[in-house]
Amino acid sequence: MDRFLLMRCFVRAVETGSFTAAGRDLGLSQPNVSRYMAALEEHLQTRLLHRSTRKLTLTPEGERYYAEVRLILDAVEESESSFRNSVEPSGLLRVSCPTALAHVFIMPLVPAFLKRYPKLGVDLQISDRYVNLVDEGAELAIRIGHLEDSALRARRIGLFERVCVASKHYLDQHRAPKTPDDLRNHDCVIYSLLSSGSTWHFRDAEVPVAGRLRVNSPDAVRQAVNAGLGVGYGPRWLFEEGLKRGQLRLLLSKHMTPPVPIQILYVANRLLPQRALVFMDFIAGAFARIRVLNASQQ
C-alpha cells in the first residue's frame, strides 16, 4: 500500500471532516478512503479517528500523528515547489492568533493577503489557548509578550500597550482610583480567559480584582466598559475608539507596565516554507503602519 497516499487521505479526512469530502478532493471514492484509513490504522497498530454518522474526531494518538504528517506533507510540497522553480507561494498556511488581535487587526488584512497570493490558503486558528507549535502543526503563532521557549524564534511586529480605563458615566458615580490597590474597591469587568486570572498586573503591584460581570470575549469587555459597567483592563487598541471620542478615560497611567512586544513565532529548527515568510513580511509591513501598535508613536 502507498504509505504517502494513506497519509494524504488521513490529512484530508481530518481537514474536511469526512471520508466523502476527502475522497472528493483526492479523486477517490468514499469506500476507498475508508479502506485506506483502516489500512493506515492497522499499519500503525493504533486508532487515529473516532467515527460517527455525523463527524470524525481525532483520538489523542491521531492528533499527534496529524501534526507530524502535516509537517511531512508540507515539506514535500515545498521541496517539489522549489524544484519546479515556482516563485509564487502556494499551499495552506496555518497560523494561530489571540482573539482580540485576530478580530481587530489580522482578519481585516486577510483579503488583501489572499488577493496578493492567489495560490495560498490560510487556516487562521483564533483562540486565546496556548498553541504548541512543535506538536500541533501550526507553522506560525502570533503572540503577545516576551519569548520564553528556547525551541522557538520570534520576529517582532509591534508593541502591546496595556491600559486601565473607565467611562465618564462610571467615574461620575465612583471616585477614580489613584493607586492600583484602589481597584479592590471598584467594580471591574473581568476577562475570564486572561492568563493571570482575576489579577491585574501593574508596574509596581499585582492586584486581585473583582466585579459583577465576567466575560470570555475581549470585545464584550470593551462593550461593558463603554456601557459604564465597570473598570476595564486590556490592550489599548481595544479601547482606542472610546478614548478618541472622549467616552473613556485612562486610569493609573503612571502605574502601567512597559509595552511588551507582539511577535510572530516559529519553530527554530524547522525550515519555514515560502508561504510563512511572505505572511510574516506582509503582516509586519501592515502593523508598522498602525499607530496604536507602535508605542513609540503614541
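One structure accompanies this document, and this report is about it. All figures in this text were calculated on a predicted structure; none of them were measured in a lab.

A short note on the overall build of the chain
(1) Moving on: Secondary structure assignment for the chain yields ten helices and 14 strands.
(2) Moving on: The buried share of the chain, reckoned over its 298 residues, is 44%.
(3) Moving on: By sequence separation, contacts in the chain at least 24 residues apart represent 70% of the contacts at least 6 residues apart.
(4) Moving on: About 16000 Å² of surface is accessible on the chain, with carbon and sulfur atoms providing 49% of the total.

Looking at the packing of helix H2 (residues 19–26) against helix H3 (residues 30–44)
(1) Moving on: Where H2 meets H3, the axes come as close as 8 Å, and the angle between the chain directions of the two elements is 105°. Comparing the axis directions of H2 and H3 gives the class roughly perpendicular. Counted together, Phe19, Thr20, Ala22 and Gly23 of H2 and Gln30, Val33, Ser34 and Met37 of H3 form the full contact between these two elements.
(2) Moving on: In terms of residue class, the contact of H2 with H3 is made up of four nonpolar, four polar and no charged.

Looking at H2
(1) Moving on: Among the residues of H2, those classed as buried are Phe19, Ala21, Ala22 and Gly23.
(2) Moving on: Contacts from the buried residues of H2 go to helix H1 (3–16), H3, strand S1 (49–51) and strand S2 (56–58).
(3) Moving on: Just past H2, the residue Gly27 takes up positive phi, approximately 75°.

Some words on the packing of aromatic side chains
How two aromatic rings sit relative to each other is set out by the distance from centre to centre and by the angle between their planes.
(1) Moving on: A complete count under the given rule lists nine aromatic pairs for this structure.
(2) Moving on: Considering the side-chain rings of Phe105 and Phe287, the 6.0 Å spacing of their centres and the 65° angle between planes classify their relative orientation as edge-to-face. Placement of Phe105 in helix H5 (residues 99–116) and of Phe287 in helix H10 (residues 274–288) is noted, with a sequence separation of 182 residues between them.
(3) Moving on: Since its relative accessible area comes to 9%, Phe105 is described here as buried.
(4) Moving on: Among the residues examined, Phe287 registers a relative accessible area of 0% and is labelled buried.
(5) Moving on: Here the aromatic residues Phe105, Phe160, Trp237 and Phe287 are joined through ring pairs into a cluster of three or more.

Topic: the sheet that holds strand S7 (residues 162–167)
(1) Moving on: Spatially, the three strands line up as an open sheet ordered S12-S7-S13, and their pairing is antiparallel. Either end of the sheet is taken by a strand with one partner, and the two such strands are strand S12 (232–235) and strand S13 (248–251). In this sheet, adjacent strand axes meet at a mean angle of 45° when their direction is disregarded.
(2) Moving on: In this structure, S7 lies alongside S13, joined through four bridges in antiparallel fashion. Each residue of the ladder has a partner; that of Cys164, found in S13, is Leu251.
(3) Moving on: Across the sheet, helix H8 (residues 218–226) lies against S7, S12 and S13, angled at about 40° from S7, the strand it touches most.

Some remarks on the environment of Ala205
(1) Moving on: In this structure, Ala205 sits in strand S10 (residues 205–208).
(2) Moving on: Distance from Ala205 to Thr179, taken between C-alpha atoms, is 9.4 Å for residues 26 residues apart in sequence.
(3) Moving on: Beyond its immediate stretch of four places on either side in the chain, Ala205 contacts Pro180 and Trp200.

Comments concerning the sheet that holds strand S14 (residues 260–267)
(1) Moving on: Spatial strand order, S4-S3-S5-S14-S6: five strands in an open sheet with mixed pairing. The outermost strands of the open sheet, each flanked by one partner alone, are strand S4 (120–126) and strand S6 (152–160). Each strand of the sheet is rotated relative to its neighbour by a mean of 20°, with strand direction disregarded.
(2) Moving on: Along the sheet, H5 contacts strand S3 (91–97), S4, strand S5 (140–144) and S14; its crossing angle with S4, the most-contacted strand, is approximately 175°.

What to know about the pattern of salt bridges
A pair can form between side chains of opposite charge whenever their charged atoms are brought close.
(1) Moving on: Evaluation of the coordinates by the stated rule reveals nine salt bridges.
(2) Moving on: Note that Arg51 is salt-bridged to Glu41, the shortest N-O span being 3.0 Å. Taken together, the positions of Arg51 in strand S1 and Glu41 in helix H3 put the pair ten residues apart, joining distant regions of the chain.
(3) Moving on: With a relative accessible area of 35%, Arg51 lands in the partly exposed category.
(4) Moving on: Among the ionic pairs, Glu241 bridges to Arg245, the shortest N-O distance being 2.6 Å.

Remarks on H3
(1) Moving on: The end-to-end C-alpha distance of H3 is 21 Å, a good match for the 21 Å that 15 residues give at a rise of 1.5 Å each.
(2) Moving on: Along H3, the residues classified as buried are Val33, Tyr36, Met37, Leu40 and Glu41. Axial view of H3: buried residues confined to an arc of 135°, hence all on one face. Exposed and oriented more than 90 degrees from the buried face of H3 are Pro31 and Glu42.
(3) Moving on: Trailing H3 by a residue or two, Gln45 shows a phi angle of about 60°, which is positive.

The rules behind the values
Residues numbered from 1 in each chain as written. Predicted model: local features only at pLDDT ≥ 70, side-chain atom pairs only at ≥ 80, totals over all residues. Heavy atoms only, no water. Helix = DSSP H or I, 4+ residues; strand = E, 2+ residues; numbered from the N terminus. Buried < 20%, exposed > 50% of the residue type's maximum accessible area, 1.4 Å probe, protein only. Contact = heavy atoms within 4.5 Å. Areas by Shrake-Rupley, 256 points an atom, 1.4 Å probe, with all protein chains shown as cover. Axes fitted to C-alpha atoms, helices over the stretch in contact; angles between N-to-C directions. Parallel < 35°, antiparallel > 145°, perpendicular 65-115°, else oblique. Nonpolar A, V, L, I, M, F, W, Y, C, P; charged D, E, K, R; others polar. Phe/Tyr/Trp six-rings, centres within 6.5 Å; stacked < 30°, edge-to-face > 60°. Pairing = 2+ DSSP bridges. Salt bridge = Lys/Arg side-chain N within 4 Å of Asp/Glu carboxyl O. Expected span 1.5 Å × (residues − 1). Arc of directions from axis to C-beta.

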